[in-house]
Amino acid sequence: MTDTAGGGPPEIRPSGGGPGARGLASGCAPGTGAPPGAVPAGAGDGPVRRPYFSARAGEWVFAVAGLPVALVCGVYALAVLYAGTLLSLTVFGLPFVVVALLGARGLGRPHRHLVGALLGEHVEAPAGLPRPDGLVARGRVVLTDPVAWRTLLYLVLRLPLGVLGFAAGAGLPLACGWLIGFPLWGRLMEPDSPPGAGMNALAVLLGLVLLAGAPGALRVVAGADRRLAGLLLGPARAQRRVRELEAARAVLLADNGDRLRRLERDLHDGTQARLVALAITLSLTEDALDPAAGPDLARLRTLVDRARGQTEETVAELRLLTRGIHPVALDGGLGEALPGLTATSPVPVAVRLDLGERPDEAIERAVYFCAAELLTNIARHSGARTAALEAAVRDGRVLLTVRDDGCGGAAPGGGTGLAGLAERLAAVDGTLRVDSPPGGPTEITAELPARL
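Please read these numbers as outputs of a predicted model, since none were measured by experiment.

1. What to know about unusual backbone geometry
Despite not being glycine, aspartate 395 shows a phi value in the positive range, around 50 degrees. As for its placement among the helices and strands, aspartate 395 is situated in the loop between β3 (387-394) and β4 (397-404).

2. Some words on the nonpolar core
Counting 39 residues, the largest nonpolar core has Leu338, Leu389, Leu400, Leu432 and Leu448 as its most contacted members. Among the secondary structure elements, those contributing two or more residues to this core are α9 (334-343), β2 (349-355), α10 (361-382), β3, β4, α11 (417-426), β5 (431-435) and β6 (442-449). Ranked by residue count, the leading element in this core is α10, at eleven residues. Those residues in contact with leucine 400 that lie beyond four places of it in its chain are Val367, Cys370, Ala371, Leu389, Glu390, Ala391, Ile444, Thr445 and Ala446. Cys73, Leu118, Ala148 and Ala229 belong to the second-largest nonpolar core, a separate cluster that totals 25 residues.

3. Some thoughts on the packing of aromatic side chains
A full pass over the atoms with the stated rule returns one aromatic pair. Geometrically, the ring pair formed by tyrosine 368 and phenylalanine 369 is edge-to-face, given 5.8 Å between the ring centres and 70 degrees between the ring planes.

4. A closer look at the pattern of salt bridges
Counted under the stated rule, the structure contains twelve salt bridges. A salt bridge links arginine 451 to glutamate 357; its shortest N-O distance comes to 3.3 Å. Placement of arginine 451 in the segment after β6 and of glutamate 357 in the loop between β2 and α10 is noted, with a sequence separation of 94 residues between them. Owing to a relative accessible area of 36%, glutamate 357 belongs among the partly exposed residues under this scheme. For the salt bridge of glutamate 447 with arginine 397, the shortest nitrogen-to-oxygen distance reads 3.3 Å. Of this pair, glutamate 447 sits in strand β6 while arginine 397 sits in strand β4, and the two are 50 residues apart along the sequence.

5. What to know about the side chain of arginine 158
Relative to the helices and strands, arginine 158 is located in helix α4 (residues 146-180). Residue arginine 158 is classed as buried on the basis of its relative accessible area, which comes to 4%. With sequence-adjacent residues up to four places away left out, arginine 158 is seen in contact with Phe62, Gly66, Ala70, Asp225 and Leu228.

6. Things to note about the packing of helix α2 (residues 93-119) against α4
Across the interface, α2 lies against α4 with an axial gap of 8 Å and an inter-helix angle of 65 degrees. The angle between α2 and α4 places the two elements in the roughly perpendicular class. Between α2 and α4 the crossing geometry is left-handed. When α2 is examined against α4, the residues Val97, Leu101, Ala104, Arg105, Leu107, Gly108, His111 and Val115 are found in contact with a partner set consisting of Val147, Ala148, Trp149, Thr151, Leu152, Tyr154 and Leu155. Of the residues that constitute the contact of α2 with α4, the class distribution is eleven nonpolar, three polar and one charged.

Scoring rules and cut-offs
Residues numbered from 1 in each chain as written. Predicted model: local features only at pLDDT ≥ 70, side-chain atom pairs only at ≥ 80, totals over all residues. Heavy atoms only, no water. Helix = DSSP H or I, 4+ residues; strand = E, 2+ residues; numbered from the N terminus. Core = buried A, V, L, I, M, F, W, Y, C linked by side-chain atoms within 4.5 Å. Buried < 20%, exposed > 50% of the residue type's maximum accessible area, 1.4 Å probe, protein only. Contact = heavy atoms within 4.5 Å. Phe/Tyr/Trp six-rings, centres within 6.5 Å; stacked < 30°, edge-to-face > 60°. Salt bridge = Lys/Arg side-chain N within 4 Å of Asp/Glu carboxyl O. Axes fitted to C-alpha atoms, helices over the stretch in contact; angles between N-to-C directions. Parallel < 35°, antiparallel > 145°, perpendicular 65-115°, else oblique. Left-handed = near helix turned anticlockwise from the far one by under 90°. Nonpolar A, V, L, I, M, F, W, Y, C, P; charged D, E, K, R; others polar.

As structure tokens, then:
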């Protein structure tokens, strides 16, 4: 474990950042505490369904209006299970179950919409069913569809949750009103012998207790509804994993394509042009050695000096280009590369490393470029005075944490650099977490597997 601090001139950025890598680690507008147009920290890039009402109003509407839907769909699911069991020994059993599962799958769509619109929980829609040729093959696909069976299970479990939600959203407020008004109801119902003062006080106290607990009970039931919908109405775990891998592969291919095009452009516009200029210089040197007129020593010295300078510039440019492909600093591992990286930061960076094992080369490269990107953004945008970088390898996972005392307000989404960084980390099965309230401080954590 090492602890160092560094400060110095800005680093020349590696060329492996890729498009979209440059963004706000802490993107403050000058003189303000938050970036213009910043989105809340942790917001994703995908479409998020906004609730029609506020959070508490949406929970109340879902609890009260959701009971009839839960009753109808729950009865449908129980009837399907009961009838399917009875018909399983007949020729009508499998066709009935196929049609019932298709109906259950279709009922998942409005439930996802209600959960998103009223509870603010975005549930990703599962992929559509494949359509093979032949009725038997299609029926087999439906019978083995995990989404349909999980949706059927959701409809069954939603029934008791709907009853509990209605009790919390409507039953408890009514009970509170009756208990708080108990002295009045007692006088109206029994004017000759109204309840005693002790009974009245107990009823009012119990009503106030229920009134105080009603929002908490409603929130607990709404939280259970959110978790149940997220668990059973979205894609199956295998399907979600396939989607994540497909998205990561697309990002990786696009990033590699961008790197190759940038490298080709740099070689064509820079290195190739320098080599052509070097060839012209050597040709002029050959002309200066013409034996007919005799060698022009002064001109030869000038041309040789020019060729030497062009050669040195070409070598330096090639070294810079190859640095973006695989940084030379990583030859000794992250334990040597990260302290060297922080030493070039204009913001003093305290480094704390706990690298018990060396990760795979691709993981090291991803961690290095992630650290370089975050430190560069801190220097450019955060207004921080100090920063800290921690890297550790524990239980087969690599954790990289970068903190700064800047103005905060960093958030992924909206095409910022953090979103691109998260996409590139996802290509190696990594994740990026951002904690950056307006006014700071900012803490960004990247977590990756040590082995691919």
